[in-house]
Amino acid sequence: MTSGLRATCAALVASATLAALPAWAQQAATPAAKPTVVIVATGGTIAGAGASALNSATYQAAKVPVDKLIAGVPELASVANVRGEQAFQIASESFTNDKLVVLGKRVSALLKDPEVSGVVVTHGTDTLEETSFFLNLVVRSDKPIVVVGSMRPGSAMSADGMLNLYDAVVVAASPSAKGKGVLVTMADDILSGRDASKRVNIKTSAFSSPWGSLGMVVEGKTYWFRSLAKRHTINSEFDIDAIDALPEVAIVYGSGSMNPALYDAAVQGGAKAIVHAGTGNGSVPNYAVDKLKAIREKGVMIVRSTRVGEGGFVLRNAEQPDDQYDWVVAHDLNPQKAKILAAVALTRPRSSAELQRIFWEY
Ligand code: DAS
């Protein structure tokens, strides 16, 4: 008997035996089909390369193509059927609004495919927090979207990208990650894409959220501790399929002895909103108040955020009469996140009261 015939007979016997089993046993004996996860690559350090293993900080970002990233972590195959797409190949400080929209539309389209269980976006760490928040606001899917980067290139000793990528695919393939909003996996943490932010620019433990991780990934298993209380993805009023461009929103960084001309420059640059990254409680210096009031009267929104790093919490009418000046507060969102939310909200005309509602809810 040839080996082929032998194999066919063995398969026939196995299937006959299986068919004789009760349904629950058949299901247990039949390995579940692996989920399909698509990795959409955009560049960054996770795709970076340095000259030697000692170069953990000196390297070029956005060099390694997505198929090599996937080949570099063969363990992915045991988690899911993984395929890659190269959306961009850039360092993320070079991300622009049009790239955000292209990426959002692609992620949304992929998730509409019933065969796709989840999407991973590999991304530079510099603006990862803007992209993860943007996707959290506009992609109307409850399937897992996981944004991941690394602080060291794959060529460096103790590179963090391989495990971060593995963890991201584990989460994207996990039914338990459904409905949790956009997620960020970095250094074993699972963070919310809403409030994950880069707090350190040189350590692998660079990312955190002022409100803590949602969970952790350890040795290929997810552990959940909390969920996001704010609106996101399928509960969002925003939809990437209805967005073709984002309006200009500027951030002006607060400091002692500011030059109010910076706000004029923002208006001349076409800003529909100015995020004032104020000192302390989002404070505006007394010599800049009239300037901002005049800009507001021209129809440009003024959003008060705070420059303080860990966990801002700007309230209305605390140190500034926001009701009187018709200004908006960014609540706990840092300036770069407030910029994203204001831009998404102002894809159509809004009253300041409506914009403030959006800042409370998202
Ligand atoms: N320049 C950084 C970026 O692309 C590198 C990184 O940390 O990913 O965001």
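Before reading on, note that the structure itself is shown above.
What follows concerns the site of the ligand. Around the ligand, the neighbouring residues are Gly 44, Thr 45, Tyr 59, Ala 91, Ser 92, Glu 93, Gly 124, Thr 125, Asp 126 and Ser 150. Glu 93 is positioned such that a nitrogen or oxygen atom in its side chain is 2.8 Å from a nitrogen atom of the ligand. Between the ligand and the protein, one listed contact pairs an oxygen atom with a backbone N or O atom of Asp 126 at 2.8 Å. Computed on the free molecule, the ligand has an accessible area of 270 Å², of which 91% lies beneath the protein chains in the complex. Among the residues making up the shell around the ligand, the classes are represented as two nonpolar, six polar and two charged.

Time to look at the sheet that holds strand E4 (residues 145–148). Pairing is mixed across the open sheet formed by eight strands, whose spatial order is E2-E1-E3-E4-E5-E6-E9-E10. What marks the edges here is a single partner per strand, and that holds for strand E2 (81–90) and strand E10 (221–224). Averaged over all pairs of adjacent strands, the angle between their axes in this sheet comes to 25 degrees, without regard to strand direction. In terms of strand pairing, E4 meets strand E5 (residues 183–186) through two bridges, oriented parallel. Residue pairing for E5: Val 146 is matched across the bridge by Leu 183. This element, helix H5 (residues 128–138), spans strand E3 (118–122), E4 and E5 of the sheet and lies at about 175 degrees to E4.

This part is about the pairing of strand E9 (residues 215–218). Residue alternation in E9 divides its side chains into a buried set, Gly 215 and Val 217, and an unburied set, Met 216 and Val 218. Two elements, E9 and E10, share four bridges in a ladder whose sense is antiparallel. Of the residues in E10, the one forming a bridge with Val 218 is Lys 221. The hairpin formed by E9 and E10 contains two residues between the paired strands, and Glu 219 there has a positive phi angle of roughly 50 degrees.

The rules behind each value
- Per-chain numbering applies: the sequence of each chain, read as written, is numbered from 1 onward.
- Local features in this predicted model are restricted to residues whose pLDDT is 70 or higher, and side-chain atom pairs enter the listing and the counts only when it is 80 or higher, whereas totals over whole chains, interfaces and linings include all residues.
- Note that the side-chain values use all heavy atoms of the structure and ignore hydrogens as well as water.
- Here, proximity means that at least one heavy atom of the residue falls within 4 Å of the molecule or strand.
- Within 3.5 Å is the distance limit for a polar contact, defined as a pair of N or O atoms, with the added protein rule that one can donate a hydrogen and the other accept it, and that residues adjacent in sequence qualify only through two side-chain atoms.
- Here the accessible surface of atoms and residues is derived via Shrake-Rupley with a 1.4 Å probe, and residues count as covered only by protein chains that are part of the display.
- All residues other than Ala, Val, Leu, Ile, Met, Phe, Trp, Tyr, Cys, Pro, Asp, Glu, Lys and Arg, Gly among them, are scored as polar; the first ten of these are nonpolar and the last four charged.
- Paired strands, as defined in this entry, are two strands with at least two bridges between them according to DSSP.
- Here a strand is any run of E in DSSP of at least two residues, a helix any run of H or I of at least four, and the numbering for each starts at the N terminus.
- With axes taken as lines fitted to C-alpha atoms, and helix axes fitted only over the stretch in contact, angles between N-to-C directions fall between 0 and 180 degrees.
- Here, two residues are considered to be in contact whenever any of their heavy atoms come within 4.5 Å of each other.
- Any residue under 20% of the maximum accessible area for its type is buried, any over 50% is exposed, and the rest in between are partly exposed; the area is computed with a 1.4 Å probe on protein chains only.

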